[in-house]
Amino acid sequence: MARARLLGGLLFLACVTVLVAADADTVFYDSFESSWEGRWVVSESSEYLVFPSTPGPRTHNLTECAGKWKHEKSEGHEDYGLLVSEKARKYGIAVDLPKQVDFKDGTVVLQYDLRLQSGLECGGAYLKYLLPQEAGWTPSKFDNSAPYSIMFGPDKCGSTNKVHFIFRHKSPKTGEYVEHHLKSPPSPVGDKLSHVYTAVIYSNNTVKILVDGEEQKTADLLSNDFDPAVIPSKTIPDPEDKKPEDWDERAKISDPSATKPDDWDESAPREIEDLEAVKPEGWLDDEPDEVDDPEATKPEDWDDEEDGEWEAPQVPNPKCEEAPGCGEWVRPTKKNPAYKGKWSAPLIDNPAYKGIWKPQEIPNPDYFELEKPNLESIAAIGIEIWTMQDGILFDNILVTHDEEEAKQYREKTWKVKFDAEKAKAVEEEEKEKEDTPGPLDSFKEKIFELLYQIPELSFLAAYKDKLIEILDEAEKHQNLTIGGLFGVIAITLVIFYSLLCGGKKKAKDTAAIAKKEDTVTADDPTDASQATETSSEIAQEGESQGAQKRKSRRET
């Protein structure tokens, strides 16, 4: 038995050595580099059992029904944490601190890393800093009723989106515990990166909330920064005081001496017919606003016995579109100058008015004064949450008396992870922008669809391969897109113009030869011979010019 106790004591000391840093100010630190099992205790309370929806007898098997905690790496890191692994579950887990922390001993820093890898739409991600077990709880039965001193961390669902800081305070007069909530707390960071939440409680009654090392809120524990305030009001309304029956709270009353004027006609209507209105010229009294659709036809499968008599659908009467109106014309109405409405007496000051009644104030029997709040000592940390999201990762949970030491932990652990995650997120965002086609990309795609049809034109058959090559290069390189667009269009126009002008020139030369031959007769053999020579020269000159143009086009 003694040997077993000795081994147990050595094991406990080893655990303390792992969890507590060399600095004596560090009370507790868990990096979760090794598995949490053996240190943290999963609650076996029935509140955290989720019965399977499949038919059959229900079971209390925790491995199948409870929200499962896992020892997992943070996404993209080799760093481990305590992971909420399933959606729509209640989770409960707790760990004892190596020693109790008394807030009267000086500054206390509560800090932990949190990564919402799947975001957080509805659920909690806060920690509870629990009272000693003598207050009436055990880790194996840990649930929402376990007494805590401070609750700290993000919570989001519906209109709630805040970093809670709540402390339970025991009234020295009544002995009852009251939860005091920080007013206007900071909002949690909503992205999927690692963030560190820090609460520093000072001995001067001040609490400071930091997110990622940046101060977000400072409050006085004994002030109206909390709801309700720790120190109650000195007086309270007398619960036994009753309002007298003759107490008149009406500031104004109707003048009892006022009478309705003789010419006040309460029956006069608010609006009357405008007798000066004239029916517009061209008004079509006999034309309806809508007529049967002349283009509508009775469906072939229409059965009058089953479907009833078929009627054509109504469409606006085309005659009414040109006329000022159709149908029976009715005079418009206007305000009645004689209208006064129901008469009522004017209001006067109430001579019996005493103001709004309220009970008398009496001394508050629960009033007390404090120089410092009675924050209960903490002896354990619990995570008791309900969440609709998985992927919530807790890491680097720290309790220390040294604010500078907490800063060093942030720099050595959280900051390294955050910087890597931020860089990766920026890289992925830029890649997503590159991969996501914008309006200009869609426009470019449609333009290239049209451009690729140009080389298929018959008169460009000789240049098809070259044009396609130019388009391919322009489509691959962003900076060549505009050049490729105008280049292909320009080349096409040049070729088309060259072919068109070349054809006209050839036709013109042929006409000149014909005209020359017509002017030579059989009686003038010399001229005929000269004409033949001339036509031959013109033809050769035309062929030479055509060859030069074709060569020029090929070079182009």
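Check the entry above for the structure.
Conventions and cut-offs
- Residues numbered from 1 in each chain as written.
- Predicted model: local features only at pLDDT ≥ 70, side-chain atom pairs only at ≥ 80, totals over all residues.
- Heavy atoms only, no water.
- Phe/Tyr/Trp six-rings, centres within 6.5 Å; stacked < 30°, edge-to-face > 60°.
- Helix = DSSP H or I, 4+ residues; strand = E, 2+ residues; numbered from the N terminus.
- Buried < 20%, exposed > 50% of the residue type's maximum accessible area, 1.4 Å probe, protein only.
- Core = buried A, V, L, I, M, F, W, Y, C linked by side-chain atoms within 4.5 Å.
- Contact = heavy atoms within 4.5 Å.
- Salt bridge = Lys/Arg side-chain N within 4 Å of Asp/Glu carboxyl O.

Engineer: Before we move on, can you summarise the packing of aromatic side chains with the specific residues and values?
Structural biologist: Tallied over the entire structure, the rule returns 12 aromatic pairs. Here the aromatic rings of Tyr-112 and Tyr-197 are separated by 6.3 Å at their centres, their planes lie at 35°, and the arrangement is tilted. Linking Tyr-112 in strand E6 (residues 108-116) with Tyr-197 in strand E12 (residues 194-201), this pair joins segments that are 85 residues apart in sequence. The pair Tyr-112 / Tyr-197 is uniform in exposure class, with both members buried. A ring pair is formed by Trp-137 and Phe-142, whose centres lie 6.0 Å apart and whose planes are at 65°; its orientation type is edge-to-face. Judged on exposure class, the residue Trp-137 and its partner Phe-142 are both buried.

Engineer: Help me get a handle on the nonpolar core, residues and values and all.
Structural biologist: By size, the foremost hydrophobic cluster in this structure holds 60 residues, and its most contacted members are Trp-40, Tyr-129, Phe-152, Phe-165, Ile-381 and Phe-394. Counting residues per element, this core draws most heavily on strand E5 (residues 89-101), which supplies 6 residues. Ignoring sequence-local partners within four residues, the contact set of Ile-381 consists of Phe-28, Trp-40, Ile-93, Ala-94, Val-95, Leu-97, Leu-127, Lys-128, Tyr-129, Leu-130, Ile-397 and Val-399. Core analysis: the next-biggest nonpolar cluster, separate from the first, contains 8 residues, Phe-448, Tyr-463, Leu-471 and Ala-474 among them.

Engineer: I'd like a rundown of the pattern of salt bridges, residues and numbers included.
Structural biologist: Under the definition given, this model contains 18 salt bridges. As a salt-bridge pair, Glu-421 and Arg-115 come within 3.3 Å of each other at their nearest N and O atoms. Taken together, the residues Glu-421 in helix H5 (residues 403-435) and Arg-115 in strand E6 connect sequence positions 306 residues apart. Of the two residues, Glu-421 and Arg-115, neither departs from the other in class, the shared state being buried. The shortest N-O distance in the salt bridge between Lys-243 and Glu-249 comes to 3.9 Å. Exposure remark for Glu-249: the relative accessible area of 29% places this residue in the partly exposed category. A single network of salt bridges, built from pairs that share partners, joins Asp-79, Asp-113, Asp-395 and Lys-417.

Engineer: Before we move on, can you summarise the environment of Val-95 with the specific residues and values?
Structural biologist: Secondary-structure assignment places Val-95 in strand E5. Classification of Val-95 as buried rests on a relative accessible area of 4%. As for Val-95 and Ala-380, which are separated by 285 residues in sequence, their C-alpha atoms are 5.6 Å apart. With residues up to four places along the chain from it excluded, the contact list for Val-95 reads Phe-28, Arg-39, Trp-40, Ala-380 and Ile-381.

Engineer: I'd like a description of unusual backbone geometry, backed by residues and values.
Structural biologist: A cis amide bond, omega -5°, links Asp-227 with the succeeding residue Pro-228. Within the secondary structure, Pro-228 sits in the loop between strand E15 (226-227) and strand E16 (235-237). A positive phi angle, close to 55°, is found at Asp-212, a residue other than glycine. Tracing the backbone through its elements, the reader meets Asp-212 in the loop between strand E13 (206-211) and strand E14 (214-220). Taking relative accessible area as the criterion, Asp-212 reaches 18% and is therefore assigned buried.

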